[in-house]
Amino acid sequence: MATFVLVPGFWLGAWAWREVTVALRAQGHEVYPMTLTGLAERNHLAGPEVSLETHTEDIVRLIEVEDLREVLLVGHSGGGMPVAQAADRIPDRIARVVYVESGPLPDGVAQFDTVPPEEQERLRGLIGTGHLLPPPAWDPAADPTNLAGLDEPTLALLRARATPQPLRAATDPVRRTGGRPVPTALVASTFPLAVVRQMIGEGHPFFTGLAGGQLFELPTGHWPMLSEPKALADVLDAAAKG
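Quick notes on the rules
- Residues numbered from 1 in each chain as written.
- Predicted model: local features only at pLDDT ≥ 70, side-chain atom pairs only at ≥ 80, totals over all residues.
- Heavy atoms only, no water.
- Helix = DSSP H or I, 4+ residues; strand = E, 2+ residues; numbered from the N terminus.
- Rg over C-alpha atoms; globule rule 2.2 N^0.38 Å.
- Buried < 20%, exposed > 50% of the residue type's maximum accessible area, 1.4 Å probe, protein only.
- Contact = heavy atoms within 4.5 Å.
- Areas by Shrake-Rupley, 256 points an atom, 1.4 Å probe, with all protein chains shown as cover.
- Lys, Arg positive; Asp, Glu negative; His and termini not counted.
- Charge placed at Lys NZ, Arg CZ, Asp CG, Glu CD.
- Salt bridge = Lys/Arg side-chain N within 4 Å of Asp/Glu carboxyl O.
- Core = buried A, V, L, I, M, F, W, Y, C linked by side-chain atoms within 4.5 Å.
- UniProt positions renumbered as here; feature names shortened; annotations may be inferred.
- Phe/Tyr/Trp six-rings, centres within 6.5 Å; stacked < 30°, edge-to-face > 60°.
- Pairing = 2+ DSSP bridges.
- Polar contact = N/O pair within 3.5 Å; in protein donor to acceptor, adjacent residues only side chain to side chain.

The protein appears in an unreviewed UniProt entry as Pimeloyl-ACP methyl ester carboxylesterase from Micromonospora coriariae.

Participant: What is the right way to look at the overall build of the protein in this model?
Facilitator: Within the protein, the regular secondary structure consists of nine helices and eight strands. Against the 2.2 N^0.38 benchmark of 18 Å for 242 residues, the protein shows a C-alpha radius of gyration of 17 Å, consistent with a compact globule. Across its three principal directions, the C-alpha atoms of the protein cover 45 × 40 × 40 Å. A total of 242 residues make up the protein; the buried ones form 52% of that total. The contacts of the protein with a sequence gap of at least 6 include a subset with a gap of at least 24, amounting to 76%. Carbon and sulfur atoms form 54% of the exposed surface of the protein, whose accessible area is close to 10500 Å². One way to put it: in the protein the 19 positive side-chain charges average out to a point 4 Å from where the 29 negative ones average out.

Participant: Please explain the pattern of salt bridges as it appears in this structure.
Facilitator: Side chains that differ in sign of charge can pair as their charged atoms come close. A full pass over the atoms with the stated rule returns ten salt bridges. As a salt-bridge pair, Asp67 and Arg93 come within 3.1 Å of each other at their nearest N and O atoms. Highlighted residues: Asp67 in the loop between helix 2 (52-65) and strand 3 (71-76) and Arg93 in the loop between helix 3 (80-89) and strand 4 (94-100), separated in sequence by 26 residues. Judged by its relative accessible area of 45%, Asp67 is partly exposed. Between Arg175 and Asp107 there is a salt bridge; the shortest N-O distance is 3.7 Å. Pair noted here: Arg175 is in the loop between helix 6 (168-171) and strand 7 (184-188) and Asp107 is in the loop between strand 4 and helix 4 (117-127), with a separation of 68 residues, a long-range link. What you see here is one network of salt bridges that share partners, running through Asp67, Arg69 and Arg93.

Participant: Got a minute to help me understand the nonpolar core in this structure?
Facilitator: The nonpolar side chains of soluble globular proteins are, as a tendency, buried together. Counting 47 residues, the largest nonpolar core has Phe4, Leu6, Val20, Val98, Leu232 and Leu236 as the members making the most contacts within it. The biggest single contributor to this core is helix 9 (residues 229-241), with five residues. If near-sequence neighbours (up to four positions away) are discounted, Val98 is found in contact with Leu72, Leu73, Val74, Gly75, Ala185, Val187, Leu236 and Ala239. Of all hydrophobic cores here, the second largest spans 29 residues; its members include Val7, Ile59, Leu68 and Val182.

Participant: Please explain the UniProt feature "domain: AB hydrolase-1" (unreviewed entry) in the protein as it appears in this structure.
Facilitator: UniProt's feature table lists "domain: AB hydrolase-1" (unreviewed entry) at residues 4-235, given in the numbering used throughout. With 34% helix and 15% strand, residues 4-235 has its two end C-alpha atoms placed 13 Å apart.

Participant: Help me understand the packing of aromatic side chains in this model?
Facilitator: Think of a pair of aromatic rings as described by two things: how far the centres are apart, and how the planes are tilted against each other in angle. The tally for this structure, following the rule as stated, stands at four aromatic pairs. Between Trp11 and Trp138, the ring centres sit 6.2 Å apart and the planes meet at 90°, which makes this aromatic pair edge-to-face. Remark: Trp138 occurs in the loop between strand 5 (132-133) and helix 5 (152-161) and Trp11 occurs in the loop between strand 1 (3-7) and helix 1 (18-26); sequence separation between them is 127 residues. Each member of the pair Trp11 and Trp138 is classed as buried. Feature note: the residues Phe10, Trp11, Trp138 and Trp223 constitute an aromatic cluster, connected by ring pairs.

Participant: Sorry, what's going on with the pairing of strand 3 here?
Facilitator: For a regular strand, the rule is simple: side chains alternate between the two faces of the sheet. When you tally the buried positions in strand 3, you get six out of six residues, the bulk of the element. Judged from the five bridges that link them, strand 1 and strand 3 form a sheet pairing that is parallel. Looking at strand 3, one finds that Thr3 is bridged to Val71. For strand 3 and strand 4, the ladder comprises six bridges, and the chain directions are parallel. When the sheet's bridge partners are listed, Leu72 is paired in strand 4 with Arg96.

Participant: Any chance you could explain the side chain of Arg93 here in plain terms?
Facilitator: Look at Arg93 and you get buried, because its relative accessible area is 12%. For Arg93, the side chain forms a polar contact with the main-chain oxygen of Leu68, separated by 3.1 Å. Not counting the four nearest positions on each side in its chain, Arg93 is found in contact with Ile63, Glu64, Asp67, Leu68, Arg69, Glu70 and Val71.

What follows is the structure, given as structure tokens:
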């Protein structure tokens, strides 16, 4: 039996992990799905002070208060940034960091830095002077690759339940303390592992942190916990046995 902490990506809460949680618990694992400050049922806390550091502390505090050890710390998409920082702070409690459609950004890089300049400009226009990043339209016609595998009821659920993301979670740079490195795993759904391996070999800064880690391919859209929850649970189970 392994212990999992499941951290959602932007706009989502613990609810997005529901089917994965059920499947992992049925396999005998201990599972803690998280909602980060300012999102989902905690969106009333989404003030301008909510930052990447806030979300990192959410994760660290859960693990320490519950006295969890040998944790499989799973971060989906934008959740990979606070997961990377949390593992850097408490490496003695983490067995492996599993990046689902994500990766360990280098020190000093923010999620917003990975977005093309024209998309940054578009998003800044939507945000204006506010402090929240609005969720996407969840329109498969406009975003067929990322939304692959999601049926209409699931898309309707996303439109109803997704909440704006505290902006500083995207614009604050990742900061590492230089603590003991933690083993990693990657679950890639929208890009092939051949590309990942090539970029690791070329020393690409967004992929070098995955060198020597487990690599899994789960072909579907960007939200595998919703499009392929049982398959994702099986991959996470394999990562735990790794």
